[in-house]
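Chain and residue survey
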Amino acid sequence: MKEKFGKIISTCVPLREENIDKDQIIPARFLKATTRQGFGENLFRDWRFTPDNKPVEGFALNNPSFNGKILVAGRNFGCGSSREHAAWAIHDYGFRVVVSSFFADIFKNNAMNNRLLPVQVPQEFLDTLLGKVIARPDTKVIVDLAGQTITIMDTGVSETFAINGYKKECFIHGYDDIDFLVSLKDEIAEFESGRV
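A brief report on the enclosed structure follows. (Residues numbered from 1 in each chain as written. Predicted model: local features only at pLDDT ≥ 70, side-chain atom pairs only at ≥ 80, totals over all residues. Heavy atoms only, no water.)

**Some words on the pattern of salt bridges**
Taken as a whole and assessed by the stated rule, the structure comprises 4 salt bridges. For the salt bridge of R29 with D46, the shortest nitrogen-to-oxygen distance reads 2.5 Å. With a gap of 17 residues between them, R29 in the loop between α1 (22–25) and α2 (45–48) and D46 in helix α2 connect regions that are remote in the sequence. Relative accessible area serves as the criterion here: at 46%, R29 is assigned to the partly exposed category. Under the relative-accessibility criterion, D46 is labelled partly exposed at 44%. In this structure, K132 engages D154 in a salt bridge whose closest nitrogen and oxygen atoms are separated by 2.9 Å. (Salt bridge = Lys/Arg side-chain N within 4 Å of Asp/Glu carboxyl O. Helix = DSSP H or I, 4+ residues; strand = E, 2+ residues; numbered from the N terminus. Buried < 20%, exposed > 50% of the residue type's maximum accessible area, 1.4 Å probe, protein only.)

So, in structure tokens, the structure goes:
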């Protein structure tokens, strides 16, 4: 069983950029490892660092004012070729939620399979949230998975989000696919015992 996901209350890291593709999230030259650990140090590598490895001033992940478990990004996050390592890198860095107004389907599925919750919200709410976080980095947000809501704490502005029911169950209970099946063993046994 993995970490259970109920309600997260956290500050956010804002990325206004739209159409952030997987090669920007984790450049291809860092994909040689086969385990999920260690990818976080190269998250947004080419945006975070110059070619001679100096931190890029002004980039949100290099700004100590911004931190937290929630990444808030522009529209069409995770586009481009299939790359599960993108979800690995974001999760390994410490994020547990990514908020955007649109996610590429492959990224969305990879994220949920790797304990990273993609929260898709209307563009108007995303713009409000980005503006608020940039102006006030100490802004806290509540992501309530059970209620499927995201709320800006100090204003109470809230929005609902959709999630696949099976994936929601897995997040809440800390299940992977095998754990989920094991959790049903009594029901499966009862069903099998009633068969002729």
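Structure shown, so let's carry the discussion forward.
**A few points about the sheet that holds strand β6 (residues 141–144)**
Taken together, the 4 strands give an open sheet; going across it, the order is β1-β6-β7-β8, and neighbouring strands pair in antiparallel fashion. Each edge of the sheet is formed by a strand with only one pairing partner; in this case those strands are β1 (7–10) and β8 (158–160). Direction aside, neighbouring strands of the sheet carry axes that sit 10 degrees apart on average. (Pairing = 2+ DSSP bridges. Axes fitted to C-alpha atoms, helices over the stretch in contact; angles between N-to-C directions.)

**Section: helix α4 (residues 105–113)**
Three or more residues of α4 are buried, namely F107, N110, A111 and M112. Looking at the buried side of α4, the elements it contacts are α1, α3 (85–93), β5 (117–120) and α6 (165–173). Residue R115 follows α4 closely and has a positive phi angle near 65 degrees. (Contact = heavy atoms within 4.5 Å.)

**Let's talk about the nonpolar core**
The biggest cluster of nonpolar side chains holds 52 residues, and the ones touching the most others in it are F44, F77, V99 and L117. With sequence-adjacent residues up to four places away left out, L117 is seen in contact with F5, R96, V97, V98, V143, L145, F161, I163 and F171. (Core = buried A, V, L, I, M, F, W, Y, C linked by side-chain atoms within 4.5 Å.)

**Regarding the pairing of strand β7 (residues 149–152)**
Within a regular strand, side chains alternate between the sheet's two faces. Two strands pair when backbone bridges link them, and β6 and β7 are joined in this way by 4 bridges, in the antiparallel orientation. For I142, the partnering residue across the bridge sits in β7 and is T151. Here β7 hands over to β8 after 5 residues, with G156 in that stretch at a positive phi of 80 degrees.

**Quick notes on the side chain of N76**
In this fold, N76 is placed in the loop between β3 (70–73) and α3. Given the relative accessible area of 18%, N76 is considered buried. Within polar-contact distance, the side chain of N76 engages the side chain of N19 at 2.9 Å. (Polar contact = N/O pair within 3.5 Å; in protein donor to acceptor, adjacent residues only side chain to side chain.)

**Comments concerning the packing of α3 against α4**
Each pair of packed helices can be described by the angle between their axes along with the distance between the axes. Following both chains from N to C, one finds α3 and α4 inclined at 50 degrees, their axes separated by 8 Å at the closest point. On the basis of their axis angle, the class for α3 and α4 is oblique. Of the two possible hands of crossing, α3 and α4 adopt the one that is right-handed. Counted together, A86, A87 and I90 of α3 and F107, N110 and A111 of α4 form the full contact between these two elements. (Parallel < 35°, antiparallel > 145°, perpendicular 65-115°, else oblique. Left-handed = near helix turned anticlockwise from the far one by under 90°.)

**What about α3?**
Buried residues of α3: H85, A86, A87, W88, A89 and I90, and no others. Considering only its buried residues, α3 is in contact with α1, β4 (97–100) and α4. Phi turns positive one or two residues past the end of α3, at G94, with a value near 125 degrees.

**Let's talk about the side chain of R48**
With respect to the helices, strands and loops of the structure, R48 is situated in helix α2. E41 is the oppositely charged side chain nearest to the buried, salt-bridge-free R48, at an N-O distance of 8.4 Å. Engagement of the side chain of R48 in a polar contact is seen with the backbone oxygen of G40, the distance being 3.5 Å. Engagement of the side chain of R48 in a polar contact is seen with the backbone oxygen of L43, the distance being 2.9 Å. Not counting residues up to four positions away in its chain, the partners in contact with R48 are G40, E41, N42, L43, K54, P55, V56, F59, L61, N62 and Y93. (Lys, Arg positive; Asp, Glu negative; His and termini not counted.)

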